[in-house]
Amino acid sequence: MSADISRSLKQYTFKFGTIASASLGIVLGLAVFGARLTLSDYAEFWFLITICLSAAFIMGLIADHLFGGLFNAPIFPKFGSAIKKVRLSIERRFKGDRTDEEYRRVENGIFVPIGLMVLVAMLFVVGAWTVEAFIILLFLWLARNVFATFNASTDYGVGRLIVWTCAGFVFGLFVGLF
């Protein structure tokens, strides 16, 4: 049990090290196109980015845990199978001579506008609550992606930290350019 905790602690320490390295790369990349600041301002900026990415990583860890528990709930397989039955009956009815690719394009061309109309209708019906719920879900999805990105870095070593610093530098250059 102690070996598992020690290994997990090392992994998360390394993951937060990769976050700090990526933050350093972002600050260095932004410094290329950004305004000239003092060294202490850059250090504060690096600390702020590190804190924000760490918070996103922790929120992503929580979101991953919640989404994993939510999607394994017994209601979703029943709901998913009902949706699958409806889609198969629609497919049998409307597919005709179309190839699978043509049918998928038509299906996407129908469902995307319907989804957008439902979102707009929800905005009129529930107003600000819908926007807030959508923004919360968007940020949880982004946090989960931050978690997945930094969770993938389980290799130990200086080489991985250099890779994350370079990736952050490229991202900082891209953001600083625009």
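None of the values given here were measured: they were computed from a predicted structure. (Residues numbered from 1 in each chain as written. Predicted model: local features only at pLDDT ≥ 70, side-chain atom pairs only at ≥ 80, totals over all residues. Heavy atoms only, no water.)

Enquirer: Got a sec to walk through the overall build of the protein? Specific residues and values, please.
Expert: Secondary structure summary: the protein contains 6 helices and 0 strands in total. Taken from the N to the C terminus, the helices and strands of the protein come in the order α-α-α-α-α-α. For the protein, the residues scored as buried account for 21% of the 178 residues in total. Considering only intrachain contacts with a sequence separation of at least 6, the fraction spanning at least 24 residues in the protein is 74%. Approximately 12,900 Å² of the protein is accessible, and the part contributed by carbon and sulfur atoms is 74%. (Helix = DSSP H or I, 4+ residues; strand = E, 2+ residues; numbered from the N terminus. Buried < 20%, exposed > 50% of the residue type's maximum accessible area, 1.4 Å probe, protein only. Contact = heavy atoms within 4.5 Å. Areas by Shrake-Rupley, 256 points an atom, 1.4 Å probe, with all protein chains shown as cover.)

Enquirer: Go over the confidence of the model for the protein with me, naming the residues and quoting the values.
Expert: Considering every residue of the protein, the mean pLDDT works out to 75; 83% of them sit at 70 or more. Ranking the elements of the protein by mean pLDDT puts helix H3 (residues 75-94) last with 70 and helix H2 (residues 39-71) first with 80. (pLDDT = per-residue confidence, 0-100.)

Enquirer: Any details on the environment of Phe-45? Residues and values, ideally.
Expert: Among the secondary structure elements, Phe-45 is positioned in helix H2. With 18 residues separating them in the primary sequence, Phe-45 and Val-27 have C-alpha atoms 7.1 Å apart. Dropping the residues within four chain positions of it, Phe-45 is found in contact with Val-27 and Leu-30.

Enquirer: So what's going on with the environment of Arg-104? Which residues, and what values?
Expert: The topology assignment puts Arg-104 in helix H4 (residues 100-126). Since its relative accessible area comes to 35%, Arg-104 is described here as partly exposed. Excluding its chain neighbours within four sequence positions, the residues that come into contact with Arg-104 are Arg-87 and Glu-91.

Enquirer: Kindly report on the nonpolar core, identifying the contributing residues and their values.
Expert: Counting 12 residues, the largest nonpolar core consists of Ile-19, Ala-22, Ile-26, Val-27, Ala-31, Tyr-42, Ile-49, Leu-53, Phe-57, Phe-147, Phe-150 and Trp-164. For this core, the elements supplying multiple residues, two or more each, are helix H1 (2-33), H2 and helix H5 (128-151). Considering every element that reaches this core, the biggest residue donor is H1, with 5 residues. In this view, Leu-53 contacts Ile-19, Ser-23, Ile-26 and Val-146; residues no more than four positions away in its chain are not counted. (Core = buried A, V, L, I, M, F, W, Y, C linked by side-chain atoms within 4.5 Å.)

Enquirer: Any details on H4? Residues and values, ideally.
Expert: Here H4 contains 27 residues, and its C-alpha end-to-end distance of 37 Å stays within 8% of the 39 Å for a straight helix at 1.5 Å per residue. Looking one or two residues beyond H4, the residue adopting positive phi is Gly-127, at roughly 70 degrees. (Expected span 1.5 Å × (residues − 1).)

Enquirer: Outline the side chain of Ser-23, listing residues and values.
Expert: Relative to the helices and strands, Ser-23 resides in helix H1. By relative accessible area, which is 0% here, Ser-23 ends up buried. There is a polar contact of 3.3 Å between the side chain of Ser-23 and the side chain of Thr-50. With sequence-adjacent residues up to four places away left out, Ser-23 is seen in contact with Trp-46, Ile-49, Thr-50 and Leu-53. (Polar contact = N/O pair within 3.5 Å; in protein donor to acceptor, adjacent residues only side chain to side chain.)

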